[in-house]
Amino acid sequence: MTIKTFSYPARVNAVGDTRFRIRKAQFGDGYEQVAGDGINPIRRSWDLSFVGKYDYIAPIIAFLEDHYGVKSFQWTPPNNILGLYRCEGYKPVAMGGDNYSLTATFTEAFSV
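Along each chain, residues carry numbers from 1 onward, in the same order as the chain's sequence is written. Local features are withheld for residues below a pLDDT of 70 in this predicted model, meaning they are given only at 70 or higher, and side-chain atom pairs are given and counted only at 80 or more; totals for whole chains, interfaces and linings count all residues. With hydrogens and water stripped out, all remaining heavy atoms of the structure feed into the side-chain values.

The name given to the protein chain in an unreviewed UniProt entry is Phage tail protein, with the source organism recorded as Serratia rhizosphaerae.

Shown next as C-alpha cells:
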C-alpha cells in the first residue's frame, strides 16, 4: 500500500500540541507512581487552517475524505520533521464570494 503525502500549505498560524500518555497509581501515603503508557507515550497534533477559493479547498477535502480518518498519510509539520498523521475530521466555513476556510487537526500516527 502506498502512503500518500499531504502537500497543501497551511496558514502560518499552525498550533502544535504535545500530550504525554502516562499511567498513575496513587497510594494512601501520598506516594504516586508514574510511568509512560505504551511504546509511543508522546502524541503530537497540529491545528491547521486553510483559506482560499473553492478550487484550492476542494482537493484538500478530497484528500482528507480519501483517508476518512483511519488511513495515515505523510506530512511535514512546521518543525520540518516528516511523519505519519491522521485527520479524524474537518470544518469548512463558507466565507462568501467563493472564499472558504477549512480547519483540521492532524494527529501523529505510529502505523499505516
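Having put the structure on the table, let's press on.
**Q** What should I look at first to understand a nonpolar patch on the surface in this one?
**A** Among the surface-exposed residues, Phe20, Ile22 and Val34 lie close enough to one another that they form a single nonpolar patch of about 310 Å² accessible area. In DSSP terms, a helix is any run of H or I states spanning at least four residues, a strand is any run of E spanning at least two, and both are numbered starting from the N terminus. Along the chain, valine 34 turns up in strand 3 (residues 32–36). Accessibility here uses a 1.4 Å probe with only protein chains present; expressed as a share of the type maximum, an area under 20% marks a residue as buried, one over 50% as exposed, and anything in between as partly exposed. The partly exposed category is assigned to valine 34, whose relative accessible area is 47%. Excluding any residue in a salt bridge, patches collect residues exceeding 30% relative accessible area, merging like charges within 9 Å and nonpolar Val, Leu, Ile, Met, Phe, Trp and Tyr side chains within 5 Å. All accessible-area figures derive from a Shrake-Rupley calculation using a 1.4 Å probe, and residue coverage is judged against the displayed protein chains alone. A pairing counts as a salt bridge when a side-chain nitrogen of Lys or Arg comes within 4 Å of a carboxyl oxygen of Asp or Glu.

**Q** Even after reading the chapter, I still don't get the pattern of salt bridges, so can you show me in this structure?
**A** A side chain of one charge can pair with a side chain of the opposite charge if their charged atoms are brought near each other. Evaluation of the coordinates by the stated rule reveals 5 salt bridges. Linking arginine 19 and aspartate 17 is a salt bridge whose minimum nitrogen-to-oxygen distance equals 3.0 Å. Overall, aspartate 17 belongs to the partly exposed group, its relative accessible area being 30%. Across the pair arginine 44 and glutamate 108 runs a salt bridge whose closest N-O atoms are separated by 3.5 Å. Residue arginine 44 is found in strand 4 (residues 42–53), and its partner glutamate 108 is found in strand 7 (residues 99–108); the two are separated by 64 residues along the sequence. What makes arginine 44 partly exposed here is its relative accessible area of 32%.

**Q** What should I look at first to understand the nonpolar core in this one?
**A** In this description, a nonpolar core means a group of buried Ala, Val, Leu, Ile, Met, Phe, Trp, Tyr and Cys residues linked to one another through side-chain atoms lying within 4.5 Å. Counting 16 residues, the largest nonpolar core has Phe6, Phe50, Leu64, Phe73, Trp75, Leu102 and Phe106 as its most contacted members. Breaking this core down by element, the ones donating at least two residues are strand 4, helix 1 (54–67), strand 5 (73–75), strand 6 (83–96) and strand 7. A total of 5 residues in this core trace back to one element, the largest contributor, which is helix 1. Should any heavy atoms of two residues lie within 4.5 Å, those residues are considered in contact. Setting aside chain neighbours within four positions, we find phenylalanine 73 in contact with Ile3, Lys4, Phe6, Phe63, His67, Gly83, Leu84, Tyr85, Arg86, Cys87 and Phe106.

**Q** Looking at this structure, I do not really get helix 1. What am I missing?
**A** Relative to the 20 Å expected for 14 residues at 1.5 Å per residue, helix 1 spans 20 Å between its end C-alpha atoms, a close match to the ideal helical length. Of all the residues in helix 1, the buried ones are Ile57, Ile60, Ile61, Phe63, Leu64 and His67. Summarising the axial view, the buried residues of helix 1 lie within an arc of 160°, below the 170-degree limit, and thus occupy one face. At its buried positions, helix 1 is contacted by strand 4, strand 5, strand 6 and strand 7. Count one or two residues on from helix 1 and you reach tyrosine 68, which has phi positive near 35°. How far a helix is expected to stretch is found by multiplying one less than its residue total by 1.5 Å. In this context, the arc is that of the directions from the helix axis out to the C-beta atoms.

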